Amino acid sequence: MTRTTAVPLAPRLRRRAAATLLPLLAPLARALGYRLLRIRDRGGLGLDDGAIPYGTSVFDDDVPGVANLDPPFLAALRRAATDAAADGIAFTVNSGWRTPAYQRRLLREAVAEHGSPEAAARWVSTPETSSHVSGDAIDLGPADAQAWLEAHGAAYGLCRVYRNEPWHFEHRPDAPTRGCPPLYDTPASDPRHQR
Ligand SMILES: [Zn+2]
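The numbering scheme is per chain: residues are counted from 1 as the chain's sequence reads. Per-residue local features of the predicted model are confined to residues with pLDDT of at least 70, and side-chain atom pairs are confined, for both listing and counting, to 80 or more; whole-chain, interface and lining totals are unaffected and use all residues.

Trainee: Quick one: what's the story with the confidence of the model for the protein chain, residue by residue and with numbers?
Mentor: Confidence scores here are pLDDT values: one per residue, from the predictor, ranging 0 to 100. Here the protein chain shows a mean pLDDT of 88. Residues at 70 or above account for 88%. Contact criterion: two residues are in contact if their C-beta atoms, reconstructed from the backbone, are within 7 Å. Predicted confidence is poor over residues 1–7, with pLDDT under 50, and the contacts of this stretch with residues over four places away or in other chains come to one contact.

Shown next, in the form of structure tokens:
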């Protein structure tokens, strides 16, 4: 392999190495008083924009992306996380509240990745319609936590919303009595996003 063909691979490999190492280093950094931001949150976005450090939980009041969630929604998330922990399941926050500037950047990146605003709309909403910007949505990980909350969330008023996003949950205060509403296929088919 020539050096020329190897060069384009280098950034991707570096990124993959960072994606593997940073979560492992995050607890050590945190013990030393530092927070490592998730890779996609780098590049000018800070905690005050809703950037989320690795290993953030729904109890992290010092992370604005968590603290700025709608208070009844956050309280429901904390009740669910406490009960999930008793089942050996840990909730990790991958995204929560975000500023319009952060949402605009996500939308720009999605348009670049998916090729058109229409294709991007299947994954990312606008700052005007995003339930993350209004503090009413959380992207949860890992997969076992998503599965736990999809199975048990209705009792807490916490519902998955989109068929293509197993990680995205919102507050549905009626869910304990009525159950969670049917899923939309994608954010693009969500009537709240029709403007
Ligand atoms: Zn989301």
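Trainee: Could you give an account of the sheet that holds strand β4 (residues 165–171), with specific residues and numbers?
Mentor: Judged by pairing direction, the sheet is antiparallel, and its four strands sit side by side in the order β1-β2-β4-β3 without closing on themselves. The open sheet has two edge strands, β1 (92–95) and β3 (158–162), and neither has a second partner. Strand-to-strand twist of the sheet, defined as the mean angle between neighbouring strand axes without regard to direction, takes the value 50°. Two strands are said to pair when DSSP picks up at least two bridges between them. Note on conventions: DSSP H or I runs of at least 4 residues are helices, E runs of at least 2 residues are strands, and numbering of each starts at the N terminus. Both strand β2 (residues 137–141) and β4 contribute to a ladder of three bridges, which runs antiparallel. Residue pairing for β4: alanine 137 is matched across the bridge by glutamate 170. A fitted line through C-alpha atoms serves as each axis, taken over the contacting stretch for helices, and the angle formed by two N-to-C directions is quoted from 0 to 180°. Running over the sheet, helix α7 (residues 143–152) touches β1, β2, β3 and β4 and is turned about 125° from β2.

Trainee: Go over helix α4 (residues 71–86) with me, naming the residues and quoting the values.
Mentor: With 16 residues, α4 extends 23 Å from end C-alpha to end C-alpha; this agrees with the ideal 22 Å at 1.5 Å per step. Among the residues making up α4, those that are buried are Phe73, Leu74, Ala76, Leu77, Ala80 and Ala81. Down the axis of α4, the smallest arc covering the buried residues is 160°, so these residues share one side. Residues of α4 that are exposed and point over 90 degrees away from its buried face: Pro71, Pro72, Thr82 and Ala86. Buried residues in α4 make contact with β2, α7, β3 and β4. What a helix should span is 1.5 Å times the count of its residues minus one. Partly exposed residues are those whose C-beta has more than 12 but fewer than 20 other C-beta atoms within 10 Å; 20 or more makes a residue buried and 12 or fewer makes it exposed, with C-beta atoms placed from the backbone. Here the arc refers to the directions that run from the helix axis out to each C-beta atom.

Trainee: Requested: an account of the environment of aspartate 185, with residues and values cited.
Mentor: Among the secondary structure elements, aspartate 185 is positioned in the segment after α8 (175–178). Separated by 23 residues in the primary sequence, aspartate 185 and tyrosine 162 place their C-alpha atoms 5.5 Å from one another. Once you skip the residues sitting within four places of it in the chain, aspartate 185 turns out to touch Arg163 and Asn164.

Trainee: Give a detailed account of the environment of serine 125, specifying residues and quantitative values.
Mentor: With respect to the helices, strands and loops of the structure, serine 125 is situated in the loop between α6 (117–120) and β2. With 23 C-beta atoms counted inside 10 Å, the residue serine 125 sits in the buried group. C-alpha of serine 125 to C-alpha of leucine 106: the two residues are 19 residues apart in sequence and 8.8 Å apart in space. The contacts of serine 125, once residues within four sequence positions are left out, are Ser130, Pro187 and His193.

Trainee: Go over α7, please, and point to the residues and values.
Mentor: Inspection of α7 places Gln146, Trp148 and Leu149 among the buried residues, and these make up the whole buried set. The arc that holds every buried residue of α7, seen down its axis, measures 165°, which confines them to one face. Exposed side of α7, more than 90 degrees from the buried face: Ala143, Ala147 and Ala151 are the residues found there. Of the surrounding elements, those touching the buried residues of α7 are α4, β2, β3 and β4.

Trainee: Outline unusual backbone geometry, listing residues and values.
Mentor: Cis rather than trans, the peptide bond between glycine 141 and proline 142 has omega equal to -15°. Within the secondary structure, proline 142 is located in the loop between β2 and α7.

Trainee: Quick one: what's the story with the pairing of β4, residue by residue and with numbers?
Mentor: Regular strands show a simple pattern: their side chains alternate between the two faces of the sheet. The pairing of β3 with β4 spans four bridges and is classified as antiparallel. Pairing of cysteine 159 across the sheet is with glutamate 170, part of β4. What sits between β3 and β4 in their antiparallel hairpin is a turn of two residues.

Trainee: For the nonpolar core, give the residues involved together with the corresponding values.
Mentor: Nonpolar cores are identified as sets of buried Ala, Val, Leu, Ile, Met, Phe, Trp, Tyr and Cys residues joined via C-beta atoms within 7 Å. Judged by nonpolar contacts, the single largest core of 30 residues is most densely connected at Val58, Leu77, Ala80, Ile138 and Leu158. The set of elements that each furnish at least two residues to this core consists of α4, α5 (100–114), β2, α7 and β3. With six residues, α4 is the largest single contributor of residues to this core. What valine 58 contacts, discounting residues up to four positions off in sequence, is Val66, Leu74, Leu77, Arg78, Ala81, Phe91 and Val93.

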